[in-house]
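# Descriptive structure summary
The chain contents come next:
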Amino acid sequence: MAPKTPQWRGLADEIAQEIAAGSVGYRPGDQLPQIRDLVAQGKGSKTTVLAAYKALETEGLVSMTRGHGTKVRVRPPHQIRQHQDRYVWEKRLAKQRDEERQSSGVIDRDTGLGHDQIETHATFSAVPANADLAERFGVQPGTLMLHRQYWHSTAGDSTALSLIDSYLVHEVAARNPDLLDSSKEPWPGGTHHQLSTIGIEIDRIDDGIRTRLATQEEARKLGIPVNSAVFLLDKTSISTAQEVVEYSHVILAGERTELRYSVPLERWGK
């Protein structure tokens, strides 16, 4: 005989079905009934209802805020990153007319949103290279680096679509003072065009992808439940001179990021 489903689980499943169906009162941003109201409706004890809500929060369906009750989560857009196409498209964009570069971006492409629906937030600083950065760039530890911190969001929403830490050798970036100015962001044509202004062309990009649980701060910024999985993308841009010219560490919410690859294979000879 199958074990009986706990009452809290049954209630959680019932609410989850209402959310999935988009029922009135269970749509993104809607305030769910107070615990005491569900108790009054005979849905279970206070402990049962609280356990159901906590389960739904763990599953990423609702958010619970002390003093503000429980709401159906509003999820930022799903991102599909097809890097083998994304990087080629981004490099081609750098050579387009100003109007084309100013009206297009890889974030819009990943999310399917319009360019004017994306907000870019950027903070720049100069930092000494630690051992890891020094090894990546082939420079001495302590070499001054340009540290660029980016996050993007949909217009009017503070939830980050991703968290990006980008590094360039400061002396190299300083060949064009505009590259040191965060107010120039978002830069039409992105990093490819930025580097082209100082005579650098990117030859290839090497990616490394890992996963781990989000820290509490990352979860807060990405708008995901604590202990959710995140993708860690280490992106290294290598110039036609075979030098590392930019490195980015990107954190992506696992629940709303899809990585797709298509790898052509060499055919066997007859």
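The following refers to the structure shown.

## A look at helix α1 (residues 7-21)
The first and last C-alpha atoms of α1 sit 21 Å apart over 15 residues, in line with the 21 Å expected at 1.5 Å per residue. Along α1, the residues classified as buried are Arg9, Leu11, Ala12, Ile15, Ala16 and Ile19. Seen end-on, α1 carries its buried residues on one side only, within an arc spanning 160 degrees. For α1, the exposed residues set more than 90 degrees away from the buried face come down to Gln17 and Ala21. Against α3 (46-58), β1 (62-65) and β2 (69-72) lie the buried residues of α1. Just past α1, the residue glycine 22 takes up positive phi, approximately 70 degrees.

## Focus: the pattern of salt bridges
In this structure the tally under the stated criterion is 16 salt bridges. Across the pair glutamate 201 and lysine 91 runs a salt bridge whose closest N-O atoms are separated by 2.8 Å. Here lysine 91 lies in helix α4 (residues 83-93) and glutamate 201 lies in the loop between α9 (190-196) and β7 (202-213), a separation of 110 residues in the sequence. Given a relative accessible area of 31%, lysine 91 falls into the partly exposed group.

## Structural notes on unusual backbone geometry
Along the chain, glutamate 185 connects to proline 186 via a cis peptide bond; the corresponding omega equals 0 degrees. With respect to the helices and strands, proline 186 occurs in the loop between α8 (170-173) and α9. Unlike most non-glycine residues, asparagine 227 shows phi in positive territory, near 75 degrees. Of note, asparagine 227 is situated in the loop between α10 (216-222) and β8 (229-239).

## Things to note about the packing of aromatic side chains
For the coordinates displayed, the defined rule picks out two aromatic pairs. Taking 6.0 Å as the distance between ring centres and 85 degrees as the angle between the ring planes, the aromatic pair formed by phenylalanine 124 and tyrosine 150 counts as edge-to-face. Here tyrosine 150 lies in strand β5 (residues 144-154) and phenylalanine 124 lies in strand β4 (residues 118-128), a separation of 26 residues in the sequence. Pair check on accessibility: phenylalanine 124 and tyrosine 150 agree, each one buried.

## A few points about the environment of glutamate 218
Note on placement: glutamate 218 falls in helix α10. Here glutamate 218 falls in the buried class, since its relative accessible area comes to 10%. Sequence spacing of glutamate 218 and arginine 97 is 121 residues, and the spatial spacing of their C-alpha atoms is 37 Å. If sequence neighbours within four positions are ignored, glutamate 218 has contacts with Leu163, Arg212, Val230 and Ile251.

Quick notes on the rules
Residues numbered from 1 in each chain as written. Predicted model: local features only at pLDDT ≥ 70, side-chain atom pairs only at ≥ 80, totals over all residues. Heavy atoms only, no water. Helix = DSSP H or I, 4+ residues; strand = E, 2+ residues; numbered from the N terminus. Expected span 1.5 Å × (residues − 1). Buried < 20%, exposed > 50% of the residue type's maximum accessible area, 1.4 Å probe, protein only. Arc of directions from axis to C-beta. Contact = heavy atoms within 4.5 Å. Salt bridge = Lys/Arg side-chain N within 4 Å of Asp/Glu carboxyl O. Phe/Tyr/Trp six-rings, centres within 6.5 Å; stacked < 30°, edge-to-face > 60°.

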